[in-house]
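Residue strings, one per chain:
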Amino acid sequence: MANQEDNAQSLARTALYQLGVELKARFTSFGGWEMPVQFSGITREHEAVRNTAGMFDISHMGKFTLQGKNLISQLQSLVPSDLSRLQPGQAQYTVLLNPQGGIIDDIIVYHQGEDTTGKQRVFIIVNAATTAKDKAWLLQHLDQNQVQFQDLSPEKALIAVQGPKAIKYLQPLVQEDLQAIKAFGHLQATVLGKPAFIARTGYTGEDGFEVMVDPDVAVELWQSLHNAGVIPCGLGARDTLRLEAAMALYGQDIDDSTTPLEAGLGWLVHLDTKGDFIGRAVLEQQKAEGVQRRLVGLQTQGRNIARHGYQILSAGKVLGEVTSGTLSLTLGYPIALAYVPTKLAAVGQQLEVDIRGKAYPAVVVKRPFYRSKNRVTN
């Protein structure tokens, strides 16, 4: 017991941790943080986001502010996406790449415009477990004489309000018109009378917003939303929701040994419209020759769930392994993501998954597994 307490004490806690304790949330270790895995139950939380609204404490995510002249052009060399297309108030989901084309992390870049001196301002959200690694990589490759870098991770809280009724619950607490924000749009806003950053982004496959505020404001915002009827949600529902939407989890579905072309993220790679960037040569070669493996969606029969690490088989031969798997609470059947050889990656391909020593049928299906009718588009 003492060791468990010591381990818990070594984990970071967000400003909303105590509220989770009061709500009798179950906690788990995640990316160096002690985070709620569930409050009232994964099924209830999952269904709340799909049907009404749920809220997540995502304050563990890394939060960077960058400012400087020619900032966008400097960032262009670090990602495969063409950031020059971004207008102020727009954001781009993309990836940081290593020289081998592997994914250092998946990130969101928010273009916040420029000041009267011509300095551009960018806000970047990164994964919790890779915050230190990403920070070091950015500082290594950006001209620090031109770019001011600030790590806001420890001093800002972040709450995601997700679901078809997210606006209904969040709007009364926000001065600005949330309906005017397009998908992946963002703005400096006023929440509960205090400064905030709001983006129409999320990790659930539903419409929703991510709100960054000071810790004391986050506590008040969480309590206000809870009192209004928004369901508190943990990492468990966050995982089942994102998997239904086929959104990658860093460290499982993508990592520094997978390229965006292998991971089905080719839409992030803009080879024709931008110049050189780290990893470009590898992606050009893969584009020309084709990738050897692909991340595919799988559906298994009955209640046979293909979990992370389970082997994928064909004619008794091991082809790869499952990266993520769960029972889809929305669809009612098991779903999974896995890397398989490209020649066996076509939709409709029959495969097998080894579940506790027995081979069960699996079929490659189209991704995403679930697509919301409520999501806004640009």
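Residues numbered from 1 in each chain as written. Predicted model: local features only at pLDDT ≥ 70, side-chain atom pairs only at ≥ 80, totals over all residues. Heavy atoms only, no water.

Engineer: What am I meant to see in the packing of helix α3 (residues 42-51) against helix α8 (residues 235-244) here?
Structural biologist: Helix-helix packing: each pair is described by the crossing angle between the helix axes and the interaxial distance. Direction vectors running N to C along α3 and α8 enclose 50 degrees, while the axes themselves pass 8 Å from each other. When the interaxial angle is binned, α3 and α8 end up oblique. Considering how the two elements wind past one another, α3 and α8 form a crossing that is right-handed. In contact with Ile 42, Glu 45, His 46, Val 49 and Arg 50 of α3, α8 contributes Gly 236, Ala 237, Thr 240, Leu 241 and Glu 244. (Axes fitted to C-alpha atoms, helices over the stretch in contact; angles between N-to-C directions. Helix = DSSP H or I, 4+ residues; strand = E, 2+ residues; numbered from the N terminus. Parallel < 35°, antiparallel > 145°, perpendicular 65-115°, else oblique. Left-handed = near helix turned anticlockwise from the far one by under 90°. Contact = heavy atoms within 4.5 Å.)

Engineer: Can you help me understand the pairing of strand β15 (residues 311-314) in this one?
Structural biologist: When a strand is regular, its side chains alternate between the sheet's two faces. Bridge count for β15 against strand β16 (residues 317-327) is four bridges, and the pairing is antiparallel. By the bridge assignment for β16, Ser 314 is matched with Lys 317. Between β15 and β16, which pair antiparallel and follow one another directly, the connecting turn spans two residues, one of which, Ala 315, has a positive phi of 55 degrees. Relative to strand β18 (residues 350-355), β15 is paired through two bridges, and the arrangement is antiparallel. (Pairing = 2+ DSSP bridges.)

Engineer: Help me understand the nonpolar core in this model?
Structural biologist: Grouped burial of nonpolar side chains is what soluble globular proteins tend to show. One finds Phe 56, Ile 103, Tyr 110, Phe 123, Ile 254, Leu 265 and Phe 369 to be the most contacted residues of the largest nonpolar core, which totals 45 residues. Of the residues forming this core, the biggest block, four residues, is contributed by strand β5 (residues 91-97). Ignoring any residue separated from it by four or fewer positions in sequence, one finds Ile 254 in contact with Ile 103, Asp 106, Ala 248, Leu 249, Ala 263, Leu 265 and Tyr 339. By size, the runner-up hydrophobic cluster in this structure holds 30 residues, among which are Ile 159, Ala 166, Leu 170 and Trp 222. (Core = buried A, V, L, I, M, F, W, Y, C linked by side-chain atoms within 4.5 Å. Buried < 20%, exposed > 50% of the residue type's maximum accessible area, 1.4 Å probe, protein only.)

Engineer: Is there a simple way to think about the confidence of the model for the protein in this case?
Structural biologist: Predicted coordinates in areas of low pLDDT are best not read in detail. Overall, the predicted model of the protein reaches an average pLDDT of 96, with 97% of residues at or above 70. Within the model, the stretch residues 1-6 combines pLDDT values under 50 with zero contacts to residues more than four positions away or in other chains. (pLDDT = per-residue confidence, 0-100.)

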